[in-house]
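Summary of structural features
Here is how the chains run, residue by residue.
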Amino acid sequence: MKKVVTSKEMASLDAYTIHDVGIPSMVLMERAALAVAAQVQKISADRERILVVCGNGNNGGDGVAVARLLYLKGYHVDLFLTGNSQKYSAQMAQQIQIARHYHVPEVNNPTWHEYTTIVDAVFGVGLTRPVEGRYKEIIQRMNETDAKKVAVDIPSGLDGSTGRVLGTAFCADLTVTFAFMKQGMCFYPGRSLSGKVVVADIGIYDYPGNYGRPVWQLEREDMKQLPQRVPWGNKGTFGKVLLVAGSKGMCGAAYFAACAALNTGAGMVKVQTVEENRIPLQSLLPEAMVESVFSEEVNQQLLSWCDVLVIGPGLGCQDESRERANWFLTHGNQAGKPVILDADGLNLLSMNPGWKQYLKGNTVLTPHMGEMGRLTGLSISELKEDPVGAASDYAKETGAVCVLKDAGTVTAGCRDEIYINMSGNAGMAAAGSGDVLSGMLAGVFCMYLNNIKVPDPARMAALGVFLHGLCGDRAADAAGTRGMNAHNILDAIPLVLRDFETGNREEHYGKIQ
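A few points on the structure. (Residues numbered from 1 in each chain as written. Predicted model: local features only at pLDDT ≥ 70, side-chain atom pairs only at ≥ 80, totals over all residues. Heavy atoms only, no water.)

Thoughts on helix 7 (residues 252–263)
For helix 7, built from 12 residues, the straight-helix expectation of 16 Å at 1.5 Å per residue is met to within 8% by its first-to-last C-alpha distance of 16 Å. Burial of helix 7 is extensive: 10 of the 12 residues sit out of reach of the surface. Just past helix 7, the residue Gly265 takes up positive phi, approximately 115°. (Helix = DSSP H or I, 4+ residues; strand = E, 2+ residues; numbered from the N terminus. Expected span 1.5 Å × (residues − 1). Buried < 20%, exposed > 50% of the residue type's maximum accessible area, 1.4 Å probe, protein only.)

So this is what it looks like as structure tokens:
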């Protein structure tokens, strides 16, 4: 896992390293510049022309050092100092003195189209105000060029905590960020403006006693946490999933969730649904069992049989659906079963807020932004302002795990466990994709039923979300983001899991950071 930090947290870590650990700011700046220069060299040929654009602060100082290092390596580099010399930070002024000692060329009015690479070191993660005036014009000119574009630590004009654009922002092909991934680069539009992100170790680390709200980004290596399938098991060993799903004319969601659970490794799946869905489901997925009787006796048998419950896909919000969801949620809670509450299960929860009393730490809620708005009373724009805070607050309020689905899905537990997902793609914004996720989450929970070491439910949910995104990426490789659908994601599940079982990870997941 990689830690993800806000701008404020990064400033605190930087200050701790300088003042408490005792590493001088100029040493950190030199290490940062070495990291950026190394990445620029990878993408620049010897005869290319490089322009490094610097602001007044320490981010500008990083840029000046980058220009010096590249110049001394023999590259054709020009340094463009955009700010007022009276406002230079102490380190920036010192870096300029060093660069001038080595006669690094400076330009005042660059001919933008002459450069093949532009390095942006105008503003760093501390920017909070909108970019205006001359700086806005300079960033726009940088964006208009055909040059390769590299950002130092963060694209100028990007809010390092939220991913919002502050007036205007540099659009990077590559961002070399220092020490930790910045939260604003995980959410759109910041994620798209950052391009490929390289996290460089420059000597800034977390410190003892820093017990704030830790946010993490899962990586490919974390998939090793998924337990191996025991060779002595049987279909009961690998978990039994009960789906309370589907209503009249709505069996598709139940199918996708059930198939996803089976493809993720659940041993058996049973669907509690209406009688009208029996024939379609048994035709589409003969591996699953179907039960359409809703009675106290049959319900108790179903609940005793299952290991994991999924409530909501295609369920509808009619009185009958409400009764089904209410019975299995309340009794599932009493029986201590893991419950994934999805789709109409969440809509029914928003219509019946008293149901919150039945939510526990092993309950996973999977709202998209619209469903989250109905649950919290917040607008989608308010939720997008701080999705990490929204998911975390709702997890603490309900005691459940909240998987807030969006382009950067946030998984939060009630004990401050927070994960931002970076796998997946725009092709997953298709009907049925969320139903597949609910089934996959059930499948991941089943994986740990006989495991000695069981992660926190929030970690298991985050692993399921990450796996879902990897399957989406595999589906996009095969079908493209425009043409892919939920079936493509389903088909990718066993292939992705097989790759991790055999260790063949790099071929298909090299682009996941």
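A few points about the packing of helix 2 (residues 25–43) against helix 3 (residues 58–72)
The relative placement of two packed helices comes down to the angle between their axes together with the axis-to-axis distance. Contact geometry for helix 2 and helix 3: axes closest at 8 Å, N-to-C directions at 55°. By the angle between their directions, the pair helix 2 and helix 3 is classed as oblique. Helix 2 and helix 3 meet at a crossing whose hand is right-handed. Here Ser25, Met29, Glu30, Ala32, Ala33, Leu34, Val36, Ala37, Val40 and Gln41 of helix 2 come into contact with helix 3, specifically with Asn58, Gly61, Asp62, Ala65, Val66, Arg68, Leu69 and Leu70. For the contact of helix 2 with helix 3, the per-class residue count stands at 11 nonpolar, 4 polar and 3 charged. (Axes fitted to C-alpha atoms, helices over the stretch in contact; angles between N-to-C directions. Parallel < 35°, antiparallel > 145°, perpendicular 65-115°, else oblique. Left-handed = near helix turned anticlockwise from the far one by under 90°. Contact = heavy atoms within 4.5 Å. Nonpolar A, V, L, I, M, F, W, Y, C, P; charged D, E, K, R; others polar.)

Some points on helix 9 (residues 296–305)
Among the residues of helix 9, those classed as buried are Val298, Asn299, Leu302, Leu303 and Trp305. Projected down its long axis, helix 9 carries its buried residues within an arc of 160°, all on one side. Exposed and oriented more than 90 degrees from the buried face of helix 9 are Glu297 and Ser304. Turning to helix 9, the residues buried within the fold contact strand 10 (240–244), strand 11 (268–272), strand 12 (289–291), strand 13 (308–311) and helix 10 (319–335). (Arc of directions from axis to C-beta.)

Describing the nonpolar core
In this structure, Leu79 and Ile311 are the most contacted members of the largest nonpolar core, which totals 94 residues. Here the element with the most residues in this core is helix 2; it accounts for 7 residues. In this structure, Leu79 is in contact with Val52, Cys54, Val64, Ala67, Ala99, Val104, Pro105, Glu106 and Val107, ignoring residues within four places of it in sequence. (Core = buried A, V, L, I, M, F, W, Y, C linked by side-chain atoms within 4.5 Å.)

Digging into the side chain of Asp222
Tracing the backbone shows Asp222 in the loop between strand 9 (215–217) and strand 10. Arg459 is the oppositely charged side chain nearest to the buried, salt-bridge-free Asp222, at an N-O distance of 5.8 Å. A polar contact is formed between the side chain of Asp222 and the backbone nitrogen of Met1, at a distance of 3.2 Å. Beyond its immediate sequence surroundings of up to four residues, Asp222 is in contact with Met1, Gln217 and Leu463. (Lys, Arg positive; Asp, Glu negative; His and termini not counted. Salt bridge = Lys/Arg side-chain N within 4 Å of Asp/Glu carboxyl O. Polar contact = N/O pair within 3.5 Å; in protein donor to acceptor, adjacent residues only side chain to side chain.)

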